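If you want the building blocks of each chain, they are given just below.
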Amino acid sequence: MNGHQIKQEIAEQRNPDTMFIRWWRKENDFVDYEKLDTFLSTIDEDLEFAGYELLDMNKMWDALKQYAGGRVKRENRTHGEVIVWTSAREPKQTATLSMNAESLMEIFDMETRGDTLQ
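First things first, this report covers the structure right here in the doc. The model shown is predicted, which means the values in this text are computed figures rather than measured ones.

Right, let's get into helix H4 (residues 101-112). If you check H4, its first and last C-alpha atoms are 16 Å apart, about what 12 residues at 1.5 Å a residue would give, namely 16 Å. Every buried residue of H4 is listed here: Ala101, Ser103, Leu104, Met105, Ile107, Phe108, Glu111 and Thr112. In the core, the buried residues of H4 are packed alongside strand S1 (20-24), strand S2 (32-35), helix H3 (57-68), strand S4 (72-77), strand S5 (80-86) and strand S6 (94-98). For H4, the N-terminal cap is asparagine 100; the gap from its side-chain oxygen to the backbone nitrogen of glutamate 102 is 3.2 Å.

Here the focus is the sheet that holds S1. What holds strands together in a sheet is hydrogen bonding between their backbones, with the strands either parallel or antiparallel. Spatial ordering of the open sheet is given by S2-S1-S3, a layout of 3 strands whose pairing is antiparallel. Among the strands making up the open sheet, the edge pair consists of S2 and strand S3 (51-55). Shown here is a sheet whose adjacent strand axes are inclined to one another by a mean of 20°, direction ignored. For S1 and S2, the ladder comprises 4 bridges, and the chain directions are antiparallel. Each bridged residue has a counterpart across the sheet, and for arginine 22 the counterpart in S2 is tyrosine 33.

Calculation rules
- Residues numbered from 1 in each chain as written.
- Predicted model: local features only at pLDDT ≥ 70, side-chain atom pairs only at ≥ 80, totals over all residues.
- Heavy atoms only, no water.
- Helix = DSSP H or I, 4+ residues; strand = E, 2+ residues; numbered from the N terminus.
- Expected span 1.5 Å × (residues − 1).
- Buried < 20%, exposed > 50% of the residue type's maximum accessible area, 1.4 Å probe, protein only.
- Contact = heavy atoms within 4.5 Å.
- Polar contact = N/O pair within 3.5 Å; in protein donor to acceptor, adjacent residues only side chain to side chain.
- Pairing = 2+ DSSP bridges.
- Axes fitted to C-alpha atoms, helices over the stretch in contact; angles between N-to-C directions.

The analysis is restricted to geometry; functional conclusions fall outside its scope.
Below, the structure written as structure tokens:
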């Protein structure tokens, strides 16, 4: 399937909870995760894809937990839900970010450094 076909399928399948996409190409052994809006605005409609999966916040959280393990956790605070993340790099630093799509993607990108094997 190509990028144009994926855009058409997403337009039919998308719902308000769908915020991320996991996609992969035939020639690569890795998958890529992106915010769905970013993917749709930058997709090459002629590019060939092997497949994709639409993800909501919970599925993206599960993907993040797979890479970061116990270094990420969700907490309810008086101002709402947050992510508490401790970096793997030295010196280890702990950050508290709002639980939203941007924070999930930011932490995921830093954890994986773009290397997400299939």
